[in-house]
Amino acid sequence: MVTTGLRPRRSAALRLLVVAVALAGALFGGLLGGAAPASAHAALTGSTPAEGSVVDQAPEQVALTFSEGVAMGDDSIRVLDPKGKRVDRGKLRNLCSAGTVKYGTGLPPGLGDGTYTVAWQAVSADSHPVSGAFTFSIGAPSKTTAPVAQQEAGGGLVGALYGIARALAYAGFVLLAGGAAFVVACRPAAARVRSVQRLVVQGWAVLTGTTVAMLLLRTPYTGSGDLSDVFDLGGLQQVLITKPGAALVSRLLLLAAAALFVAVLFGAYARAQEPRQDGPEDPEGPDAAKDPAEEARRRKDLSFGLGIGGVIVATGLAATWAMAEHASTGLQPAIAMPVDVLHLLAVATWLGGLAALVVSLYWGPPVERTAVRRFSRIAFGSVLVLVATGLYQSWRQVGTWTALTGTTYGRLLLLKVGLVAVLVGIAWFSRRWTARLTEVRTPEPDAAEAAEAADPAVAGRADEEADAPSEKAVTVPAAGPAPEPPAVPTAEPATEPPAAPAPEPDDPARAAQLARQQAALRTARSKRLRDADPERLGLRRSVLAEASVAVVLLVVTTVLTATEPARTEEAVKAVSGGQSATVNQPQVLTVPFDTGGPGGKGTARIDLDPGRSGNANELRLRISDPKGRAKDVPEVKIEFTLRAKKLGPLTVVPRHTGKGHWRASGVLLPVPGRWQLSLLVRTSDIDQVTEFRNVKIG
């Protein structure tokens, strides 16, 4: 014998589990995709003057080169003098040419010597904000007090909220489109199931709410990072004329059409699925005009219209992502955008239909075998579309096999592929359970049920049983159909004919109570039959496992869309000789120190030029007192150590060239990496200190 059945309050526990997993997934996606700044999809590949360089005379302009298209304004590039005063002309120069994305800003003549700071901010073509800052010097380096924002564009609280909204928008689209597709294409009777209705309507509400939130957050997300700027109407007007703003507005318009679609789906379409009532009819009533063939034709027309309309609306919604994110820029955008739309539709059909199947199996009447098998076939087709479109997208965004393991995007893509493989494996088990399903038997009301309806005490117990279904395990044979549940005993004698319906009470309150009790009896009976079916129990468990993995998959997908594509990262490395854009540049370190004795406080500035491995570097050292004046000390010594390669310490003893100045030529660092620099400063016979800093050598 095999005992099946849910433990007490298991349905409530499952509800909490689903909600907890969804909230955890949204929070996780928000933290990875929003709390940290979105990885730069457009990367700075070069600048004139170069970062950390020293030029003999003031340049006529500052120019920045990017890996892909960006949107910039007059305030996107700011040049600050050593005192923090803005000195650029305040007008953006478009220096782009064929295949080169380059912008600049002019500088006035007569700029003095010293270190200047360049702060820039832009919005990449795939809607993500990017920013950065670097310095260059005219004549000789100097101390600078130019303020530079510590928070990168797209970070902080605004970035976290925007990331959470993006993750929830994906989830809302999946539930809306996939849930509706499940009803129309797999199980029309689900249009009358309350749990499925709630799922689809909640998906629409989540997608609408997050779209409005993202539209309001665009101004602070791509600009100041201040949450109060969500109320900046001027900024909102500027957002509306951008490509991401137009995509969000288009999504809202399509959601208005989706609201009409949902109203018809759960209104006229649901009523058309109501079973035909057999029995005497009023020849003059409305039912007299209903013909079975006409009703079937009406249901067919509704299904066809909803199918065509649903495909159009869902395709339009998916296109609002394709036109503003990865697919809209880079290699082959004319092909990539339709492929991205197909990819999103396949995801929604599979995972959204899976969610609808979960709620149908757990919080609805027994699901028909034909409906489950129909969804299984559609899900299989969706997986094939996902594989085909995913291969193209992977080639387009990754490019090389080495980038799969050598970049963040590639590693996340491998994780996504692994989750899809796990999901397909669980789906295989679900298909096995589906093949073993039998058709649902619709029980007819029997004498016991009529007696229960007439006995308030028995009906009260059934009402409690409906609130806490399956508190008692149902024992069924190891093989064979599920048995009929035992009839509830009544207080009436066995010889009393129980089939007579209870007389209609005169009290309306009593009539309403009896109606509720009869409904509770039917619900309890249906759930007992459902829980006694071992095949459906196994299917529910496997489908719930699928849904849990699907939540994690959506989280990873959200993070992936906020990560710099591997092809872009590899291109930036190629431009900089195989290293990141921050290496192979002169390295400048400012090291405060305090030896603890009289006059022991000061600042050391170390310049290492050109900051490359395998070449002879020149090291310049300047020691100054707390007031910034050059200061001599008895001894300075510098050492370089690369612990990852067990190299060093390599000692450098610079020669004194003037008051507060030392220089060393021919400093050779054999391999690239993150080296540790140690600076020893001695200010008296007994007072000395050693400070440590990390420096990245290309």
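Use the structure listed above.
Each value, and the rule that gives it
Sequence order as written defines residue numbering, which begins from 1 separately in each chain. The predicted nature of this model means local features are confined to residues of pLDDT at least 70 and side-chain atom pairs, given and counted, to a pLDDT of 80 or more, with totals for whole chains, interfaces and linings taken over all residues. The basis for every side-chain value is the complete set of heavy atoms in the structure, and neither hydrogens nor water enter the calculation. Helix numbers and strand numbers start at the N terminus; a helix is a DSSP run of H or I with at least 4 residues, a strand a run of E with at least 2. Whether a residue is buried, partly exposed or exposed follows from its accessible area with a 1.4 Å probe, protein chains only, as a fraction of its type maximum: under 20%, in between, or over 50%, in that order. What makes two residues a contact is simply this: any of their non-hydrogen atoms within 4.5 Å. Every accessible area reported is derived by Shrake-Rupley at a probe size of 1.4 Å, with residue values counting cover from the shown protein chains alone. Two distance rules govern patches: like charges are joined within 9 Å, and nonpolar side chains (Val, Leu, Ile, Met, Phe, Trp, Tyr) within 5 Å, applied only to residues with over 30% relative accessible area and no salt bridge. Salt bridges are counted wherever a side-chain nitrogen of Lys or Arg sits within 4 Å of a carboxyl oxygen of Asp or Glu. Working definition: rings of Phe, Tyr and Trp (its six-membered ring) pair if their centres are within 6.5 Å, and the pair is stacked with planes under 30 degrees apart, edge-to-face with planes over 60 apart, and tilted otherwise. Note on pairing: two strands pair once DSSP finds at least 2 bridges between them. Orientation is described by axes fitted as lines to C-alpha atoms, over the contacting stretch for helices, and by angles from 0 to 180 degrees between their N-to-C directions. Residues enter a nonpolar core if they are buried and are Ala, Val, Leu, Ile, Met, Phe, Trp, Tyr or Cys, with the set joined through side-chain atoms within 4.5 Å. Given the number of residues in a helix, its expected span is that number minus one, multiplied by 1.5 Å. Polar contact is the term for a pair of N or O atoms within 3.5 Å; when the atoms are in protein, one must be able to donate a hydrogen and the other to accept it, and sequence-neighboring residues count only if both atoms are side-chain atoms.

Novice: How should I be thinking about the overall build of the protein in this particular structure?
Specialist: Within the protein, the regular secondary structure consists of 16 helices and 20 strands. When each of the 698 residues of the protein is scored for burial, the buried share is 45%. A sequence separation of at least 24 residues applies to 73% of the contacts in the protein between residues at least 6 apart. Put simply, the protein shows about 34,100 Å² of open surface, and 60% of that area lies on carbon and sulfur atoms.

Novice: Teacher, can you tell me more about a nonpolar patch on the surface here?
Specialist: Judged by side-chain polarity, Leu 157, Leu 161 and Leu 227 come together as a nonpolar surface patch covering roughly 240 Å² of accessible area. With respect to the helices and strands, Leu 157 occurs in helix H2 (residues 156-186).

Novice: How should the packing of aromatic side chains be read in this particular structure?
Specialist: One pair of aromatic rings is described through two measures. These are the centre distance and the angle between the planes. Enumeration according to the criterion identifies eight aromatic pairs in this entry. With centroids separated by 5.9 Å and ring planes inclined at 20°, the aromatic side chains of Tyr 116 and Phe 136 adopt a geometry described as stacked. Here Tyr 116, found in strand E9 (residues 114-124), pairs with Phe 136, found in strand E10 (residues 129-138); they are 20 residues apart in sequence, far enough to count as distant. Taking relative accessible area as the criterion, Phe 136 reaches 1% and is therefore assigned buried. With 5.9 Å between their ring centres and 40° between their planes, Tyr 392 and Trp 395 make a pair best called tilted. Highlighted residues: Tyr 392 and Trp 395, both in helix H9 (residues 369-397), separated by three residues, approximately one helical turn. Taken together, Tyr 170, Phe 173 and Trp 321 form an aromatic cluster joined through their ring pairs.

Novice: Would you explain the sheet that holds strand E15 (residues 635-642) in this entry?
Specialist: The strands making up a sheet associate through hydrogen bonds between their backbones, and the pairing can be parallel or antiparallel. In spatial order, the strands read E16-E15-E19-E20; together these four strands make up an open sheet with antiparallel pairing. The open sheet terminates on both sides in strands that have one partner only, identified here as strand E16 (647-652) and strand E20 (688-697). Within this sheet the neighbouring strands show an average axis-to-axis angle of 20°, counted without direction. Pairing analysis gives seven bridges linking E15 to strand E19 (residues 673-682), with the strands arranged antiparallel. Paired with Lys 637 across the bridge in E19 is Leu 680.

Novice: Just to check I follow, could you spell out the pattern of salt bridges for this structure?
Specialist: Enumeration over the complete set of coordinates arrives at twelve salt bridges. Arg 86 serves as the salt-bridge partner of Asp 75, at 3.2 Å between the closest nitrogen and oxygen. Pair noted here: Asp 75 is in the loop between strand E5 (70-71) and strand E6 (77-80) and Arg 86 is in the loop between E6 and strand E7 (92-94), with a separation of eleven residues, a long-range link. With its nearest N and O atoms 3.1 Å apart, the salt bridge here joins Arg 629 to Asp 625. The class of Asp 625 is buried, set by a relative accessible area of 15%. Salt bridges sharing common partners tie together Asp 75, Arg 86 and Asp 88.

Novice: Explain the sheet that holds strand E13 (residues 601-609) to me, please; I cannot follow it from the model alone.
Specialist: If you walk across this open sheet you meet the five strands as E12-E13-E14-E18-E17, and the pairing is antiparallel. Of all strands in the sheet, those with a lone pairing partner are strand E12 (587-594) and strand E17 (655-658), marking the two edges. Between one strand and the next, the sheet's axes are offset by a mean angle of 25°, whatever the strand orientation. Pairing of strand E14 (residues 616-624) with strand E18 (residues 661-668) involves six bridges; the strand directions are antiparallel. In the sheet register, Ala 616 faces E18, and the bridge partner there is Leu 668.

Novice: Got a minute to help me understand the nonpolar core in this structure?
Specialist: Buried together is how nonpolar side chains tend to be arranged in soluble globular proteins. Phe 173, Leu 176, Leu 207, Leu 265, Leu 351 and Leu 357 are the most contacted members of the largest nonpolar core, which totals 82 residues. If we ignore the near neighbours within four places in the chain, the residues touching Phe 173 are Gly 178, Leu 207, Ala 314, Leu 317, Ala 318, Trp 321, Leu 344, Leu 345 and Ala 348. Counting 26 residues, the second largest nonpolar core, distinct from the first, contains Leu 589, Phe 593, Ala 604 and Ile 638.

Novice: Quick question: what am I supposed to make of helix H5 (residues 243-265) here?
Specialist: An α-helical turn contains 3.6 residues, so a residue and the one three or four places further along point in the same direction. Along its 23 residues, H5 runs 32 Å from first to last C-alpha, staying within 8% of the 33 Å computed at 1.5 Å per residue. For H5, every residue scored as buried is listed here: Pro 244, Gly 245, Ala 247, Leu 248, Arg 251, Leu 255, Ala 258, Phe 261, Val 262 and Leu 265. Looking at the buried residues of H5, the elements they touch are H2, helix H3 (194-222), helix H4 (233-240), helix H6 (268-272) and helix H7 (292-322). For H5, the side-chain oxygen to backbone nitrogen distance between the N-cap and Gly 245 is 3.3 Å, and the N-cap itself is Thr 242.

Novice: It is not clear to me how unusual backbone geometry should be interpreted in this structure. Could you clarify?
Specialist: At the junction of Thr 48 and Pro 49, the peptide bond is cis and its omega measures out at 0° in the coordinates. Along the chain, Pro 49 falls in the loop between strand E2 (44-48) and strand E3 (54-55). For Lys 646, which is not glycine, the phi dihedral falls at a positive 55°. In this fold, Lys 646 is placed in the loop between E15 and E16.

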